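Okay, here's what each chain looks like letter by letter:
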Amino acid sequence: MQGKGLIKFLVIVVTIACLYSLSFTFVTRKVERDAVAYAKGDFAKEKAYLDSMAGEVVYNLGIAKYTYREAKGNEIALGLDLKGGMNVTMEVSLQELVRNLANNPKDENFNKALENANIRSKNSQNGYVSLFVEEFKKLSPNATLASFFATKDNSAYVNANSTDGQVESFLQREATNAIDNSFKVLRTRIDKFGVTSPNIQLQQGTNRILIELPGVTDQERVRKLLQGSARLEFWETYHNVEIYPMLENVNSALAATLKETEKAAGTAADTTKADSTEAGLLATLGASQDSLNASDSSANLLALQNPLFNVLRPATAMGPNNQPMLASGPIVGYAQLRDTAKVNRYLENPVVKQIIPTNVKLLWGVKPNPQTPEQLELYAVKPSGVEAGPILGGNVITDAKDDFDPQSNSPMVTMYMNSEGAREWRRITATASADANNKQAIAIVLDGVVYSAPTVQGEIPNGISQITGNFTIEDTKDLANVLKAGRLPTTAKIVEEAVVGPSLGQAAIDAGINSSVIGLIVVLIFMILYYNRAGLVANIAVVFNVFFIMGVLASLNAVLTLPGIAGIVLTIGTAVDANVLIYERIREELRGGKSIRQAISDGYKHAMSSILDSQITTFLTGAILFFFGSGPILGFATTLMIGIITSLFTSIFISRIIFEWMLTKGWSITVSHRWSEHTLQNANYGFVPNRKKFYIVSAAVIVIGLISIFTKGFSLGVDFQGGRTYTVRFEQPVNLEEVRSNLNEAFEMNTEVKTFGGDSQVRVTTAYQIEETSDEADQAVLDKLNSGLSKIQGNNYEIASSQKVGPTIANDMKTRAIYAGIASIIVIALYILLRFRRWQFSVAAAITTVHDIVIILALFSLLDGIVPFALDIDQHFVAAILTVVGYSINDTVVVFDRLREYLGLSKSKKDIGATVNEAINKTLSRTVITSLTVIFVLAVLFVFGGEVIRGFSFAILVGIIVATYSSIFLAAPLIVDLDSRQPAEPAITDAKSKAALKTAKA
């Protein structure tokens, strides 16, 4: 084995890297267990404990130290289906954007074009702006777009002479800006929401933003938070020296209140008793005990004497003689991130509110300064005008660009205002910079958070301002986006939503762990029973494989979902595929009389091409699934692709290292037991001579299936048809027909009700108000649902999860699914063509792939309503189909690879039938053994994986059986019929083979 030293080094490095990546998960889990133990069931105390630990070092490696927040960012995050929470898809209203950019014209054709474009966007892959322009030109062929968009606000980009193409480019750019800005605003809102490990992604090429909020329970608050309009405002600020005396008064008042409470409680003044009373005292003020050190009496006393300044450090600077003094500027203090909630509670205290004047407003900065990553700045702004609001609204901004200061070449932002804003801005800046020794800052505030507070250096007469500071390039990009929030007045609405309750998430975790462990045990036992000591080597490689998968997932900060666990379980089954190929080849070499050392060497060498071809084709389907999938399906695709890479590494290298070590030690190596030694060894079945019978069988099943598809149809999941679905859990078993009847009456339309994981749990799907995605429509549907369910007397229920999918999203998902299926067939056919250089191989593979897809679709149509679990056609089903496609080609490629080997050895081209038949028989043992290992783990996944993925696991299980059948009976035999130069029947001359053929035909 060449390069053995390098391979050992790689194994050690990868192992250490995976241990390092996984260690963060172990550390955070320990902190969270401590929080649970501390809280004793009180969720508020648990959250307060974790907040207090956010900036504390919890993982010390010597060369690196990690706070709980940093460790949390490096752990394996759990998806909503495992942890519970909320998943939403926000859609930015481009219709509203285009209308606003045209100053809301009353023109009938213009507004009709907007409506038509909105309708077409539900069934079109083209962008909204392109659709609007097409519709406008249809309705107003003689009008120009410039006549509507050549406004004062747009004058920098559009004038009366602009062509329709130029205006369309402008609209496309503004649409992109609106989407990017909405993404920025939503990300900031989510960061402020306090969700652990939130996930927000901009869906490239669309006007949609995907958001995952694990662990949230207040869904209504989330909806309001996400769907509110962005408010960009400019506020005058105070100097720190103006506010500090007020903060001193607040601190004194809090301390006095603590002292009065202490006296009222009858406690002694002994400081040693402070720690026993602090919890009650601080609770009176709305504070918590978390930031105090209960073991340090002096610290406790300091906290009681200076409660505010214990958590809010005044902004200071070094003055003459290196003496600290109050810093100039609008920043009045700094607080640790973990203490900001406590500062807010202090400031909301009734006693404190009486001290703070109505003309003082305290706001936090948007994020910590890079120099102090655990601190947040507190600003003091000055309400103005009759309404005591901002000095200027953000709607006056016409544009903002990230730029560079020509003098210092440092990043800055250039801001442009309309004529109205420019006039007001001139007055504001003149006032702010009037005192050369005491220039004021203007705070830029979005949604109540300060993004920047630059000091005004002089009067700005033309509305064009340069904002400079200690910015990075990324900072200026973000600030420019924020400033454009006032320029692009549009809203983002929730068009898809999924809510998973924590109890359902825990059930999914239990099901996933159980199926993974049982599946792993089944594979390990089978490999030892069949391959003896070589099976033990393969098992060690499989265990390493699972370890590497988890380590890579952690290093990529991937989100682990239930389909992701299914991907790991499936990988456990397929991980032995490469070992099976190697072992079967070793057995062949041993039968040829070679020594065990030489057989192992040749076995690895001759199996390599089959291993690579089979795994690459499966990886390609995983990549297609990753590209076209979304949500939990991405987790499945990720684990599948990672599993393929790690299984190649472990089965080829780690198992080989173990064999080399065993040979060095002189250990006996066996690749079979006595009972399994000759299994399918001399197989010589007539697959090619009987191929037409198999064609007829497949054709009959397909015809029956197509009849069912066109007459009975499918049960489409909510993500393919739109609507709302709810998982309802009852205390006792319910009558399905009673539930369905009550809900049909409540919704006044047919409602789909199916058993979901037991007689006491159902899944309800309704198309009621399917076109409406507003909060009001959501509540109306929920009211109807509760109205129908409440009629079931004496059986309490809870809604464990819910999902909403708008019609536009549903159509997009169906389209992407179709594209994924077509792309998989094309990509695999091209790979086969490039790899084997015979079009017959490529066409046979494509036909077999289509055959497998149609068979599975037919079975889902035929069996729907017959089997006691849901067989919905949804995103999970598409993932299952593509997985089966990859596996089918995996099996087929192994046969093709052996056939290519035989064709290369054969000088005559007249025995193609016999050659194909021999190739199938020679690889039959590998095909059957690999299929059995995969079927074993899929059966475990089907039984123990939980109801959420039962239909998904059933589709893969059935698909693997169909794929095994097609790879043996159809794929290679088709080559005989596609190659017209060759005889259709194989030449069989010896008596033993003739007898086998006769038996096969019989």
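Residues numbered from 1 in each chain as written. Predicted model: local features only at pLDDT ≥ 70, side-chain atom pairs only at ≥ 80, totals over all residues. Heavy atoms only, no water.

This part covers the packing of aromatic side chains. Across all of its chains, the model carries 39 aromatic pairs by this definition. Between Phe136 and Phe148, the aromatic rings sit 5.7 Å apart at their centres with planes inclined by 90 degrees, giving edge-to-face as the arrangement. With Phe136 in helix 7 (residues 128-139) and Phe148 in helix 8 (residues 146-149), this pair connects stretches of sequence that are twelve residues apart. Each member of the pair, Phe136 as well as Phe148, is classed as buried. For the pair Phe836 and Phe896, a centre-to-centre distance of 6.0 Å together with 80 degrees between the ring planes defines the contact as edge-to-face. You can see Phe836 sitting in helix 26 (residues 807-836) and its partner Phe896 sitting in helix 28 (residues 875-905), a full 60 residues away along the chain. Here a set of aromatic residues connected by ring pairs shows up, and it is made of Phe526, Tyr530, Tyr531, Tyr583, Tyr604, Phe659, Trp675 and Phe936. (Phe/Tyr/Trp six-rings, centres within 6.5 Å; stacked < 30°, edge-to-face > 60°. Helix = DSSP H or I, 4+ residues; strand = E, 2+ residues; numbered from the N terminus. Buried < 20%, exposed > 50% of the residue type's maximum accessible area, 1.4 Å probe, protein only.)

What follows concerns the pattern of salt bridges. Tallied over the entire structure, the rule returns 26 salt bridges. Residue Arg29 is joined to Glu32 by a salt bridge in which the shortest nitrogen-to-oxygen separation is 3.8 Å. Of this pair, Arg29 and Glu32 both sit in helix 1 (residues 4-39), three residues apart, which is roughly one turn of the helix. Across the salt bridge formed by Lys72 and Glu32, the nearest N and O atoms sit 2.4 Å from each other. With Lys72 in helix 3 (residues 68-74) and Glu32 in helix 1, the pair connects residues that are 40 residues apart, well separated along the chain. Residue class for Lys72 comes out buried when judged on its relative accessible area of 9%. Overall, Glu32 belongs to the buried group, its relative accessible area being 18%. Counted as one network, the salt bridges with shared partners bring together Arg585, Glu589, Lys594, Asp602 and Lys605. (Salt bridge = Lys/Arg side-chain N within 4 Å of Asp/Glu carboxyl O.)

Judged from the two bridges that link them, strand 8 (residues 313-314) and strand 11 (residues 331-336) form a sheet pairing that is antiparallel. Considered in strand 11, the bridge of Arg313 is made with Tyr334. Here strand 11 pairs with strand 13 (residues 375-382) via five bridges, running antiparallel. Paired with Gly333 across the strands is Leu378, a residue of strand 13. (Pairing = 2+ DSSP bridges.)

Turning next to the sheet that holds strand 16 (residues 411-417). Strand order in this open sheet of three strands is 15-16-19, and the pairing throughout is antiparallel. Here the strands that pair on one side only, and so sit at the sheet edges, are strand 15 (397-404) and strand 19 (464-467). When strand polarity is set aside, the average angle formed by the axes of neighbouring strands in this sheet is 20 degrees. Running at roughly 115 degrees to strand 16, helix 16 (residues 419-432) makes contact with strand 16 and strand 19 of the sheet. (Axes fitted to C-alpha atoms, helices over the stretch in contact; angles between N-to-C directions. Contact = heavy atoms within 4.5 Å.)

Turning our eyes to something else, we now look at the environment of Asn154. Considering the arrangement of structural elements, one finds Asn154 in the loop between helix 8 and helix 9 (164-193). Considering only alpha carbons, one finds Asn154 and Ala102, 52 residues apart in sequence, at a separation of 9.0 Å. Engagement of the side chain of Asn154 in a polar contact is seen with the side chain of Thr151, the distance being 3.1 Å. (Polar contact = N/O pair within 3.5 Å; in protein donor to acceptor, adjacent residues only side chain to side chain.)

Turning next to a nonpolar patch on the surface. Among the surface-exposed residues, Ile818, Tyr819, Ile822, Ile826, Leu830, Leu833, Trp839, Val843 and Ile847 lie close enough to one another that they form a single nonpolar patch of about 820 Å² accessible area. Contributions of two or more residues to the nonpolar patch are made by helix 26 and helix 27 (839-863). Within the element layout of this structure, Val843 appears in helix 27. (Patch = residues over 30% accessible without salt bridge, like charges linked within 9 Å, V, L, I, M, F, W, Y side chains within 5 Å. Areas by Shrake-Rupley, 256 points an atom, 1.4 Å probe, with all protein chains shown as cover.)

Another aspect to go through is the nonpolar core. Met527, Tyr583, Phe659, Ile832 and Phe896 are the most contacted members of the largest nonpolar core, which totals 131 residues. For this core, the leading source of residues is helix 28, giving 17 residues. In this structure, Ala102, Val129, Ala146 and Ala492 belong to the second largest nonpolar core, which totals 44 residues. (Core = buried A, V, L, I, M, F, W, Y, C linked by side-chain atoms within 4.5 Å.)

Moving on: the sheet that holds strand 26 (residues 797-805). Adjacent strands of a sheet pair through backbone hydrogen bonds, lying either parallel or antiparallel. With respect to topology, eight strands assemble into an open sheet ordered 5-6-4-20-26-23-25-24, the strand pairing being antiparallel. At either end of the open sheet lies a strand with only one pairing partner, and these are strand 5 (199-203) and strand 24 (752-755). Mean inter-strand twist for the sheet, computed between neighbouring axes without regard to direction, equals 20 degrees. Two elements, strand 4 (residues 85-92) and strand 6 (residues 208-214), share seven bridges in a ladder whose sense is antiparallel. Following the sheet pairing, Glu91 is matched in strand 6 by Arg208. The sheet contacts of helix 24 (residues 736-747) involve strand 23 (723-730), strand 24 and strand 25 (761-766), and relative to strand 24 the element is tilted by about 160 degrees. Running at roughly 35 degrees to strand 23, helix 25 (residues 775-789) makes contact with strand 20 (492-500), strand 23, strand 25 and strand 26 of the sheet.

A separate point is the side chain of Asn917. One can find Asn917 in helix 29 (residues 912-922). The class of Asn917 is buried, set by a relative accessible area of 3%. A distance of 2.9 Å separates the side chain of Asn917 from the backbone nitrogen of Val688, its partner in a polar contact. The contacts of Asn917, once residues within four sequence positions are left out, are Asn684, Tyr685, Gly686, Phe687, Val688 and Pro689.

Once that is clear, we can look at unusual backbone geometry. Positive phi, close to 60 degrees, is recorded for Asn532, a residue that is not glycine. Positive phi, normally seen in glycine, also occurs at Glu748, with a value near 60 degrees. One can find Glu748 in the loop between helix 24 and strand 24.

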